[in-house]
Amino acid sequence: MRLSGKRIILGISGSIAAYKSASICRLLISEGAEVQVVMTESAIQFITPLTLSVLSKNPVATGMVRPDQTWENHIEKGLWADLILVAPASAQTLSAFAEGRCENLLQAVFLSARCPVMVAPAMDHDMYLHPSTSHNLAVLKSRGTLVLDTVTGELASGLYGEGRMQEPETILERVCLHFSNRNLPLSGKTILLSAGPTREPIDPVRFISNHSTGKMGIALAQALQESGAHVILVAGPLQRPVPKGIEHVPVETAAQMLMECLRYFPGCDGAIMSAAVADYRPVNPHDQKLKKNGAELNLNLEPTADILATLGQQKSANQVLVGFALETENELEHAQSKLERKNLDLIVLNSLRDVGAGFGTDTNKVTLLFRDKKTVEFPLLSKDETARRIVDSFIPLINANA
Ligand code: PMT
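Not measured: the values here are computed from a predicted model.

## A few points about the overall build of the chain
Here is step 1: Within the chain one finds 14 helices and 21 strands.
Here is step 2: Relative to its length of 402 residues, the chain is compact, with a C-alpha radius of gyration of 24 Å against a globular reference of 21 Å.
Here is step 3: By its C-alpha atoms, the chain is 80 × 55 × 35 Å across when sized along the principal axes.
Here is step 4: Going through the 402 residues of the chain one by one, you find that 52% of them count as buried.
Here is step 5: Of the contacts made within the chain by residues no fewer than 6 positions apart, 67% connect residues no fewer than 24 positions apart.
Here is step 6: Only carbon and sulfur atoms are counted for the fraction: they give 50% of the accessible area of the chain, which is about 19000 Å².

## Re the pattern of salt bridges
Here is step 1: Overall, the coordinates contain 19 salt bridges when judged by the stated rule.
Here is step 2: Note that aspartate 203 and arginine 206 form a salt bridge whose closest N and O atoms lie 2.4 Å from each other.
Here is step 3: Here aspartate 203 falls in the buried class, since its relative accessible area comes to 3%.
Here is step 4: Counted as one network, the salt bridges with shared partners bring together Arg2, Glu31 and Glu173.

## Considering the sheet that holds strand S4 (residues 117-121)
Here is step 1: Strand order in the open sheet formed by five strands is S2-S1-S3-S4-S5, with parallel pairing between adjacent strands. The strands lining the two open edges of the sheet, one partner per strand, are strand S2 (34-39) and strand S5 (146-147).
Here is step 2: Sheet analysis places strand S1 (residues 7-12) next to S2, joined by six bridges and oriented parallel. If you follow arginine 7 over to S2, its bridge partner there is glutamate 34.

## Side note on the site of the ligand
Here is step 1: Taken together, 29 residues lie around the ligand, and Ser212, Thr213, Ala275, Lys338 and Asn350 are the ones closest in.
Here is step 2: In the model, an oxygen atom of the ligand is placed 2.6 Å from a nitrogen or oxygen of the serine 212 side chain.
Here is step 3: The side chain of lysine 342 places a nitrogen or oxygen atom 3.0 Å from an oxygen atom of the ligand.
Here is step 4: Contact with the protein chains removes 96% of the 770 Å² of surface that the ligand exposes when unbound.

## Section: the domain arrangement of the chain
Here is step 1: Along its sequence, the chain is carved into domain 1 (7-180) and domain 2 (190-282 + 300-400).
Here is step 2: Using only C-alpha atoms to locate each centre, domain 1 and domain 2 end up separated by 35 Å.
Here is step 3: Counting residues at the interface gives five residues for domain 1, matched by six residues for domain 2.
Here is step 4: For domain 1, the biggest contributors to the area lost against domain 2 are Ala138, Lys141 and Ser142; these three give 60% of the whole.
Here is step 5: Linking domain 1 with domain 2 are one salt bridge, by the criterion used here.
Here is step 6: Here lysine 141 ties to glutamate 247 by a salt bridge, and the two come within 3.3 Å at their closest N and O atoms.
Here is step 7: Counting across the interface, domain 1 meets domain 2 through one residue pair in polar contact (both at pLDDT 80 or more).
Here is step 8: Here the side of domain 1 that touches domain 2 gets three residues from one element, more than from any other, and that element is helix H8 (residues 131-142).
Here is step 9: Here the residues of the side of domain 1 that touches domain 2 sort into two nonpolar, one polar and two charged.

## Concerning the state of the cysteines
Here is step 1: Enumeration according to the criterion identifies zero disulfides in this entry.
Here is step 2: With no disulfide partner, cysteine 102 has as its closest neighbouring cysteine sulfur the one in cysteine 115, 16 Å distant.
Here is step 3: No disulfide involves cysteine 176; its sulfur sits 14 Å from the nearest other cysteine sulfur, which is in cysteine 25.

## Some thoughts on helix H12 (residues 307-314)
Here is step 1: For H12, the buried fraction is high: six of the eight residues fall into the buried class.
Here is step 2: Among the residues of H12, those classed as buried are Ile307, Leu308, Ala309, Thr310, Leu311 and Gly312.
Here is step 3: The elements touched by buried residues of H12 are strand S8 (190-195), helix H11 (254-264), strand S13 (270-273) and strand S16 (320-327).

Criteria and thresholds
- Residues numbered from 1 in each chain as written.
- Predicted model: local features only at pLDDT ≥ 70, side-chain atom pairs only at ≥ 80, totals over all residues.
- Heavy atoms only, no water.
- Helix = DSSP H or I, 4+ residues; strand = E, 2+ residues; numbered from the N terminus.
- Rg over C-alpha atoms; globule rule 2.2 N^0.38 Å.
- Buried < 20%, exposed > 50% of the residue type's maximum accessible area, 1.4 Å probe, protein only.
- Contact = heavy atoms within 4.5 Å.
- Areas by Shrake-Rupley, 256 points an atom, 1.4 Å probe, with all protein chains shown as cover.
- Salt bridge = Lys/Arg side-chain N within 4 Å of Asp/Glu carboxyl O.
- Pairing = 2+ DSSP bridges.
- Near = heavy atom within 4 Å.
- Polar contact = N/O pair within 3.5 Å; in protein donor to acceptor, adjacent residues only side chain to side chain.
- Domains from an automatic or database assignment.
- Buried area = accessible area lost by both parts, 1.4 Å probe.
- Nonpolar A, V, L, I, M, F, W, Y, C, P; charged D, E, K, R; others polar.
- Disulfide = S-S within 2.5 Å.

In structure tokens form, the structure reads like this:
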């Protein structure tokens, strides 16, 4: 039984998906978890507390004051749990969590919790895609709340789209994965990772970019996840699928990548920037497709912001920042200068002069340069093995700051 001895508060908020909470509760119990259920007033409209009480074998808490006029101790509940799982998490509950409101028992338990909180959003397509909901989810993620993706499918409104809660079996797997990861070296750590190229538009059909496929970044995401980290992957267009469980934030341009990195970095324990970010972008991208007229065409370019250097300026004493350097000459010298200039703890150097290294290949050959001037050179290895070795060197830096 994978959840033996684990204490889980199952929070249920008002959504038609609340009928699935009965299955979630049953699955958690069948894996050996002890479950206490907290329901909001609106959740009670969708499923009865009696059902959850029978399944959880515990009284169900629905308000700050019990029917016998005694106090429901939300602080005790927050301290009791190893995990608070809110499934379904309605738009209203997510908004209250993001704003720190305390208007019902579930919100009070959330605010008192010292354990991790996982939420499984459920709502209609348009509500899910509304900028307010995206903002609330981003705020929660940046504070370490584990936010499950929704799935696309038929919704209670009859519409088809994003916003369906994950199926109970998938939620159970995520809970089990969360606990199985807990004794790994990066358990409980959130790491920001950038990967892939950026695309800087010239007009609606053309852009400036580079040859990055995202293979190195995906290998790093996997290695970080296997070490127990929660990975936020801010990535330009990738030629590889993103592994399950990685929080993927897709972007196109350097400006978007900067914005997303700045949004997530404050809530992270560290960051690894493996993206090949365009250094220049067209000054005024054309609204309409440029027509060719046989004459020369000059593009005015302006520098993009250096994302890594910006994070280096904002880095706090307990965050670890790792950059990459892709060089073609004077490799060690250039990488050393980037390490210092961008205020990094570690830089991963790869050179296009090494056969099998760099863009698009399944292999890489890297040298790690540390702040204390130590260098470690690896032979040509698969990108997966290279990533594991980079992460092995990253772990002591993170732990030194813990
Ligand atoms: O994606 P693949 O096909 O697997 O290829 C992998 C890779 C070659 C892209 C990868 O191994 C790699 O070297 N990534 C960094 C490429 C790069 O842009 O290097 P750079 O030396 O120009 O940049 C130095 C560092 O600053 C990098 O961490 C980069 O992410 C960052 N940077 C650069 C420019 C900019 N405007 N903002 C940045 O944050």
